[in-house]
Amino acid sequence: MKLPDFEGLAMFAKVAEERSFARAAKALGVSVPTVSRGVARLEERFGARLFNRTSRQLALTEFGLKLADRASRIYCDAEDIENAARELSSRPRGLIRLATPMTFGVHWIAPILPEFFKLYPDISVDLHMSDAVVDLVADGFDAALRIAVLPDSSLVARRLAPVSPFILASPDYLAQHGTPQHPRELPAHHCLGYAYRPRQDIWRLTSKTGEEYVVTPGGPLRVTNSEALVPMALAGLGICELPEFMASEYMADGRLKALLPDWSLPKGALYFVTPSARTRPVKVEVLADFVAAKLSNPPWRWPR
């Protein structure tokens, strides 16, 4: 069974209301021939005329008069549906599937969510926390927060804040094993490893003069979450790399000391990443703006 000709019915209802093809076309924002063709399709489909036309007058036939009210209701219902849809699409609501690194999600995203939910009570969040990089499209995520030197990709990334990495050790470790002055000395130390480094499990350091040196960490522990390195480092059992949002707390109170001040690891940043900017729903837009407002000037910046 063919679908009803909703477009034709809408045009018929408007012509019946305006008693004019020209005025109906203007109200609908289409041409007069388009309206004429729509009404003609209905007349052919129904096998009966809807209007009596003269050069000066347009009047509903008896058949058209019986259908006009119902066609008008269909047209009004369609307008109501569209208006409701616009309101729903402009009001933030629905589920957001958001991926974050584990430690960052626990310490920096979860604490700001209560305020977000108070502002947007019609939004819910499925917060996926893992240091493994998810495929936003294949895994069905609406957005992700990533801390990285972001590679080129088809994703849309909004840079929120810089995040520097630091190589750290405790004063006890340095007192026992000495303080390395050059990256070439690091292989002789217990350097704790992190499995989810984007570009292999290496430390690529660059000096202020542009010299580069690559170190492969070798020590008693390799983890899939950086926070698991902290107890080992605090216990004086190794050197670790931590991102700034974790490291600044321990540097501030002296429990860990940043090493090799004349050298630096590649500086990353915090990004809000989505599959597409053109189709990004308003619920995701407000989450991006909220996170940006909270974390664009983050409290973890070092030096403070």
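Residues numbered from 1 in each chain as written. Predicted model: local features only at pLDDT ≥ 70, side-chain atom pairs only at ≥ 80, totals over all residues. Heavy atoms only, no water.

**Notes on the sheet that holds strand β15 (residues 268–274)**
Within a sheet, adjacent strands bond to each other through the backbone by hydrogen bonds, running parallel or antiparallel.
Moving on, step 1. The 5 strands lie next to each other as β4-β3-β5-β15-β6, forming an open sheet whose pairing is mixed. Taken across any chain shown, the strands that pair with only one partner, and hence form the sheet edges, are β4 (123–129) and β6 (156–163). Averaged over neighbouring strand pairs, the angle between their axes works out to 20 degrees when direction is ignored.
Moving on, step 2. Looking at chain direction, strand β3 (residues 94–100) and strand β5 (residues 143–148) are connected through 2 bridges and run parallel. Bridging from a neighbouring strand, Leu98 pairs with Ala143 of β5. (Pairing = 2+ DSSP bridges. Helix = DSSP H or I, 4+ residues; strand = E, 2+ residues; numbered from the N terminus. Axes fitted to C-alpha atoms, helices over the stretch in contact; angles between N-to-C directions.)

**A word on unusual backbone geometry**
Moving on, step 1. Trp302 connects to Pro303 through a cis peptide bond whose omega is 0 degrees.
Moving on, step 2. By secondary structure assignment, the location of Pro303 is in the segment after α10 (282–295).
Moving on, step 3. Phi at Arg19 takes a positive value of approximately 55 degrees, unusual for a residue other than glycine.
Moving on, step 4. Inspection of the secondary structure puts Arg19 in the loop between α1 (6–18) and α2 (21–28).

**A look at α1**
Moving on, step 1. In a regular helix each residue adds 1.5 Å, so 13 residues correspond to 18 Å; α1 covers 18 Å between its end C-alpha atoms and thus fits that length.
Moving on, step 2. Where α1 is concerned, the buried positions are Gly8, Leu9, Ala10, Met11, Phe12, Ala13, Lys14, Val15 and Ala16.
Moving on, step 3. Looking one or two residues past α1, Arg19 carries a phi angle of roughly 55 degrees, positive in sign. (Expected span 1.5 Å × (residues − 1). Buried < 20%, exposed > 50% of the residue type's maximum accessible area, 1.4 Å probe, protein only.)

**Brief notes about the packing of α1 against helix α3 (residues 32–46)**
Moving on, step 1. α3 packs onto α1 with a crossing angle of 110 degrees between their chain directions and a minimal axis gap of 8 Å. One finds that α1 runs roughly perpendicular with respect to α3. Residues Glu7, Gly8, Leu9, Met11, Phe12 and Val15 of α1 touch α3, and the partners they reach there are Thr34, Val35, Gly38, Val39, Arg41, Leu42 and Phe46. (Parallel < 35°, antiparallel > 145°, perpendicular 65-115°, else oblique. Contact = heavy atoms within 4.5 Å.)

**Here's the deal with the pairing of β3**
Moving on, step 1. Here β3 pairs with β4 via 7 bridges, running parallel. For Arg97, the partnering residue across the bridge sits in β4 and is Asp126.

**Digging into the sheet that holds strand β12 (residues 240–243)**
Moving on, step 1. Across the sheet, which stays open at both edges, the 3 strands sit in the order β12-β7-β13 with antiparallel pairing between neighbours. Since the sheet does not close on itself, it has two edges, and those belong to β12 and β13 (257–258), each with one partner.
Moving on, step 2. Examined bridge by bridge, strand β7 (residues 165–169) and β13 share 2 bridges and lie antiparallel to one another. Counted as the bridge partner of Ala169 is Lys257 from β13.

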